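Residue-level structural notes
Below are the chains, spelled out letter by letter.
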Amino acid sequence: DAAPPARVAVRAAHLVDVKDGTVRDNPLVIIEGERITEVRYDGQVPAGVNVIDLGSATLLPGLIDCHVHLTGDPTEVKGDYYEAMLKRSSFDSAILSPTYAKRTLDAGFTTVRNLGADDFVDVALRNAIDRGDIPGPRMLVSGPPLGATGGHADGTTGFSPWITFHDIDGVADGVDAIRHRVRENVKHGADVIKFMASAGVLSMEASVGAPQYSQEEMNAVVDEAHRWGKKVAAHAHGAEAIKMAIRAGVDSVEHSSMIDEEGLKLAKQHGTYLDFDVYNDDYILAEYAKKGFPASTVEKEKLVGRLQRENFQRAVKAGEKMAFGTDAGVYPHGWNAKQFAVMTKWGMTPMQAVQAATVNAADLLGMTGKVGQVAPGYYADLVAVSGDPMKDVAQLEHVGFVMKGGAVEKNEIKR
Ligand code: ARG
């Protein structure tokens, strides 16, 4: 007979119970192999269990970021943005993305949803992590994001008509082409479908929020994706595009910047998750002009940045379903948790912000029962911080302990 899987336990002073919205004292999390088998609070350690004692630290479920791009990082742009764009291929992404995956995991994010990567580099990265070849968070990936010609997913918008890139991107116009593109993405390993419902900031179209697909096209994305059992995430800044995406039946709206009252109502009716990448604005305004991004991009950011935070606050007050999505990759990987402080500044309690990045995120990803809680049957994905994240949510920027699937990835907690 095979030996039973080794049992280990993690002990700390406190555990953030994200399901109940409470903090419990003196937790002992018992783990067999990859999974949690028991969480007890009576101080008793079962015989034959090795205890990892984190002293006065606070334990939380591994954090989840529902919107990242692990295939790029702004620190790659050393000089000029255009130069970097023209010299870069997906080989560069493939070489660098394991570094970004490791940074993300070390920051306490044990699960991420990667929403957009050319050439299916994200699929290769996810597979390498799943095989255990390289360290990294659990990943759900979209492959190339769908979008209209000349829109936010079209990499040569604003370039000379003579310039074409030979990568596999997600540009697709019209219902038939869209259905084909969704099928291609599923065929090549996408877990989720991402599309551009509106214009964007870091792309060369004049608008930042105008719809870029017709209602019929958005309906086709969702209908086709759902038929293949894949959820849909829509990039949308503008009020109209947000409502069109919600009506089409998307599972989450990303950015959500200019959502209006009607949009908030619709999201509630449809049970649509809203993700607001509310930290991004600080980094873009501080860094992107220096990197040679066109002035028009920085001007577009100024149109949405503050408004997005105000609308985030409205969404919190309205009791919308909200998950944590940062768009990391626009800002440096590993800085994901900086968004928590912005979320609490704009209306969430620390508990709500943590729930957005755990139990709610897991629900959006369809991973309830696997990740997002510290409970029996869940993967042993745990993080710990020395300070009290319910008093000061910025403590989450200093995660000292990371366990993924029962394996300790990092332990720098001082006892
Ligand atoms: N990827 C997004 C875009 O280019 C980033 C938007 C960032 N701005 C913001 N305020 N969240 O549209």
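Please refer to the structure placed before this passage.
Along the protein, the regular secondary structure elements total 12 helices and 18 strands. Whereas a compact globule of 415 residues would reach a radius of gyration of roughly 22 Å, the protein reaches 21 Å, a difference of no more than 12%. Viewed in the frame of its principal axes, the protein has a C-alpha envelope of about 70 × 45 × 45 Å. For the protein, with 415 residues in total, the buried portion stands at 56%. Surface summary for the protein: the accessible area is close to 16400 Å², and the carbon and sulfur share equals 51%. For the protein, the distance from the average site of its 44 positive side-chain charges to the average site of its 56 negative ones is 3 Å.

Near the ligand you find 15 residues, and of these Val201, Leu202, His237, Glu301 and Asp327 are the closest. For the ligand, a nitrogen atom lies 2.9 Å from a polar atom in the side chain of Asp277. Here a nitrogen atom of the ligand sits 2.9 Å away from a polar atom, N or O, in the side chain of Gln308. In isolation the ligand has 340 Å² of accessible area, and contact with the protein removes 96% of it.

So, on to a nonpolar patch on the surface. A cluster of nonpolar side chains, Tyr82, Leu86, Ile163 and Phe165, forms an exposed patch at the surface whose accessible area comes to about 320 Å². One can find Ile163 in the loop between strand 10 (138-141) and helix 4 (175-187). Accessibility expressed as a relative area gives 30% for Ile163, which makes it partly exposed.

All right, on to helix 5 (residues 215-227) then. Each α-helix winds once per 3.6 residues, and so residues spaced three or four apart point in a common direction. Look at helix 5: 18 Å from first C-alpha to last across 13 residues, which is about the 18 Å you get at 1.5 Å a residue. Along helix 5, the residues that are buried comprise Glu217, Met218, Ala220, Val221, Val222, Glu224 and Ala225. One or two positions beyond helix 5, positive phi appears at Gly229, with a value near 75°.

Look at helix 8 (residues 280-287) against helix 9 (residues 295-317): their axes get within 9 Å of each other, and the N-to-C directions meet at 155°. Taken together, the axes of helix 8 and helix 9 lie roughly antiparallel to each other. In terms of crossing hand, the pair formed by helix 8 and helix 9 is left-handed. Residues Asp281, Asp282, Ile284 and Leu285 of helix 8 form the contact with helix 9, whose own contacting residues are Val298, Glu301, Lys302, Gly305, Arg306 and Arg309.

Right, let's get into the packing of aromatic side chains. Per the stated rule, a full pass over the model turns up 12 aromatic pairs. Taking the centre distance of 6.1 Å and the plane angle of 80° together, the rings of Tyr283 and Tyr288 count as edge-to-face. Assigned by exposure class, Tyr283 and Tyr288 land together as buried. Within the aromatic cluster, the residues linked to one another by ring pairs are Tyr81, Tyr82, Phe159, Phe165, Tyr283, Tyr288, Phe293 and Trp335. Positioned above the aromatic ring of Tyr379 is the side chain of Arg138, whose terminal nitrogen or guanidinium carbon lies 3.7 Å from the ring centre.

Going through the model one piece at a time under the given rule, you end up with 25 salt bridges. Measuring nitrogen to oxygen at the nearest pair gives 3.5 Å for the salt bridge that ties Lys302 to Glu299. In this pair, Lys302 and Glu299 are both assigned in helix 9, 3 residues apart and thus about one turn of the helix distant. Using a relative accessible area of 52% as the deciding quantity, one classes Lys302 as exposed. Looking at Glu299, the relative accessible area reads 44%, which means it is partly exposed. Connected through shared salt-bridge partners, Arg179, Arg183, Asp223, Glu224 and Arg227 make up one network.

In this section: the sheet that holds strand 1 (residues 7-11). Across the sheet, which stays open at both edges, the 4 strands sit in the order 5-4-1-6 with mixed pairing between neighbours. Taken across any chain shown, the strands that pair with only one partner, and hence form the sheet edges, are strand 5 (35-40) and strand 6 (50-53). For this sheet the average axis-to-axis angle between neighbouring strands, irrespective of direction, equals 25°. One ladder, built from 5 bridges, connects strand 4 (residues 28-32) with strand 5; its direction is antiparallel. Of the residues in strand 5, the one forming a bridge with Ile30 is Glu38.

This part is about the environment of Thr156. Structurally, Thr156 can be placed in the loop between strand 10 and helix 4. When the C-alpha positions of Thr156 and Ala13 are compared, they lie 53 Å apart, and in sequence the two are 143 residues distant.

Taken as a whole, the second largest pocket encloses approximately 360 Å³ of empty space. What lines the second largest pocket is a set of 19 residues, among which Glu34, Ile129, Asp130, Arg138 and Lys404 lie closest to the centre. Sorting the residues of the lining of the second largest pocket by element identifies helix 3 (121-131) and strand 10 as the ones contributing at least two each. For the lining of the second largest pocket, the class distribution of residues is 8 nonpolar, 3 polar and 8 charged. Here the lining of the second largest pocket gathers at least three residues from each of two domains, domain 1 (7-61 + 372-411) and domain 2 (63-365).

Calculation notes
- Residues numbered from 1 in each chain as written.
- Predicted model: local features only at pLDDT ≥ 70, side-chain atom pairs only at ≥ 80, totals over all residues.
- Heavy atoms only, no water.
- Helix = DSSP H or I, 4+ residues; strand = E, 2+ residues; numbered from the N terminus.
- Rg over C-alpha atoms; globule rule 2.2 N^0.38 Å.
- Buried < 20%, exposed > 50% of the residue type's maximum accessible area, 1.4 Å probe, protein only.
- Areas by Shrake-Rupley, 256 points an atom, 1.4 Å probe, with all protein chains shown as cover.
- Lys, Arg positive; Asp, Glu negative; His and termini not counted.
- Charge placed at Lys NZ, Arg CZ, Asp CG, Glu CD.
- Near = heavy atom within 4 Å.
- Polar contact = N/O pair within 3.5 Å; in protein donor to acceptor, adjacent residues only side chain to side chain.
- Patch = residues over 30% accessible without salt bridge, like charges linked within 9 Å, V, L, I, M, F, W, Y side chains within 5 Å.
- Salt bridge = Lys/Arg side-chain N within 4 Å of Asp/Glu carboxyl O.
- Expected span 1.5 Å × (residues − 1).
- Axes fitted to C-alpha atoms, helices over the stretch in contact; angles between N-to-C directions.
- Parallel < 35°, antiparallel > 145°, perpendicular 65-115°, else oblique.
- Left-handed = near helix turned anticlockwise from the far one by under 90°.
- Contact = heavy atoms within 4.5 Å.
- Phe/Tyr/Trp six-rings, centres within 6.5 Å; stacked < 30°, edge-to-face > 60°.
- Lys NZ or Arg CZ within 6 Å of the ring centre and 35° of its normal.
- Pairing = 2+ DSSP bridges.
- 1 Å grid on protein atoms, 1.4 Å probe; cavity = no way out; pocket = protein on both sides within 12 Å on 5 of 7 lines; lining within 4 Å.
- Points joined across faces, edges and corners; volume = space filled by probe spheres on them.
- Nonpolar A, V, L, I, M, F, W, Y, C, P; charged D, E, K, R; others polar.
- Domains from an automatic or database assignment.

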